[in-house]
Amino acid sequence: MSVAIITGASKGLGRALAWALAERGWDLVLDARTGPVLQESAAAARARGARVVALPGDVTDAAHRRELVAAARELGGLDLLVSNASALGAEPLVRLEALAPDGLRAALETNVVAALALVQEALPLLRESGAGTVVAVSSDAAAEAYETWGGYGASKAALDQLAAVLAVEEPGLRVWAVDPGDMATDLYAAAVPGDGDSRPAPESVVPGFLALLDARPASGRYAAAELVPVGAAGVLGAEGGR
């Protein structure tokens with residue numbers, strides 16, 4: 001039975017991915033800061049047939065990270081680590097001239113430092129898996145210059161670089177930075193309140209993540225919207241240079 005840790009799994013993309021993996025027979029360790037909502041997400045995953053350990057907490061807390069990895073070990077190991085938990089740095093987002101240094105530090109701590117620290121904690125289990133995989137949930141703001149998205153985008157660009165270097169240092173793993181694209185999530189609503197434009201539901205991008213898991217292409221950076229299930233050619237296209 002495959003085991004995954006998914007951070008930020010109480011809502012949005014993390015929850016949607018957890019439910020999809022549960023339907024595929026994965027066992028799950030789920031993290032989020034909002035305990036009651038996380039328990040609801042976990043219950044729905046269990047109803048889909050998964051063994052689920054739901055651990056409320058903050059990924060910036062070293063003890064919580066150890067708890068997540070220990071729970072995976074109890075379930076039998078760790079095959080997939082999805083770093084999905086994110087912080088904006090300011091809510092709503094602001095121009096760089098108004099971005100508080102403490103806000104930027106908070107975004108970097110959650111999106112970069114904690115993500116790396118969790119990988120470090122999980123590496124022994126991932127190496128033992130035989131199919132160990134790390135997914136760093138990125139953003140197009142990591143590669144494009146959008147007004148007010150500077151701090152968040154910088155943190156995701158740093159996460160992308162960590163993923164790229166990890167792939168070189170750990171050739172036995174698959175390490176993918178994945179840009180899910182625009183989604184209708186609470187994170188986006190907090191970033192840009194009052195934006196009335198319609199956006200896809202998080203569930204709509206999950207097939208791209210599943211396509212990666214099915215095809216297991218080379219480590220690299222991928223855009224979920226460009227991922228398609230393997231066809232006759234058996235090829236998934238990696239992004240170059242984004």
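Above this note sits the structure.
So, here is what we can say about the structure in this document. (Residues numbered from 1 in each chain as written. Predicted model: local features only at pLDDT ≥ 70, side-chain atom pairs only at ≥ 80, totals over all residues. Heavy atoms only, no water.)

On a plain count of helices and strands, the protein chain comes out with seven helices and seven strands. Here the C-alpha coordinates of the protein chain stretch approximately 50 × 45 × 35 Å along the principal axes. Across the 242 residues of the protein chain, 51% fall into the buried class. In the protein chain, 68% of the contacts between residues at least 6 apart in sequence involve partners at least 24 apart. Taking the average place of the 19 positive charges on the side chains of the protein chain and the average place of its 30 negative ones, the gap between the two points comes to 4 Å. (Helix = DSSP H or I, 4+ residues; strand = E, 2+ residues; numbered from the N terminus. Buried < 20%, exposed > 50% of the residue type's maximum accessible area, 1.4 Å probe, protein only. Contact = heavy atoms within 4.5 Å. Lys, Arg positive; Asp, Glu negative; His and termini not counted. Charge placed at Lys NZ, Arg CZ, Asp CG, Glu CD.)

Let us now look at the packing of aromatic side chains. Inspection of the entire model under this criterion finds two aromatic pairs. Between Trp-149 and Tyr-152 the ring centres are 5.7 Å apart and the planes differ by 70 degrees, which places this aromatic pair in the edge-to-face class. A residue is classified by how much of its surface remains accessible, and Trp-149, at 17% relative accessible area, is buried. Judged by its relative accessible area of 6%, Tyr-152 is buried. (Phe/Tyr/Trp six-rings, centres within 6.5 Å; stacked < 30°, edge-to-face > 60°.)

Contact geometry of helix α1 (residues 12–23) with helix α7 (residues 206–215) gives a least axis separation of 10 Å together with a crossing angle of 50 degrees. Taken together, the axis directions place α1 and α7 in an arrangement best described as oblique. Viewed along their axes, α1 and α7 form a crossing whose handedness is right-handed. Across the interface between the two elements, Leu-13, Ala-16, Leu-17, Ala-20 and Leu-21 from α1 touch Val-206, Phe-209, Leu-210 and Leu-213 from α7. Per-class residue counts for the contact of α1 with α7 are nine nonpolar, no polar and no charged. (Axes fitted to C-alpha atoms, helices over the stretch in contact; angles between N-to-C directions. Parallel < 35°, antiparallel > 145°, perpendicular 65-115°, else oblique. Left-handed = near helix turned anticlockwise from the far one by under 90°. Nonpolar A, V, L, I, M, F, W, Y, C, P; charged D, E, K, R; others polar.)

Its 20 residues place the ends of helix α5 (residues 150–169) 28 Å apart at the C-alpha level, agreeing with the 28 Å of an ideal helix rising 1.5 Å per residue. Among the residues making up α5, those that are buried are Gly-151, Tyr-152, Gly-153, Ser-155, Lys-156, Leu-159, Asp-160, Ala-163, Leu-166 and Ala-167. Lining the buried residues of α5 we find α4 (101–129), β5 (133–137), β6 (174–179), α6 (186–191) and β7 (220–223). (Expected span 1.5 Å × (residues − 1).)

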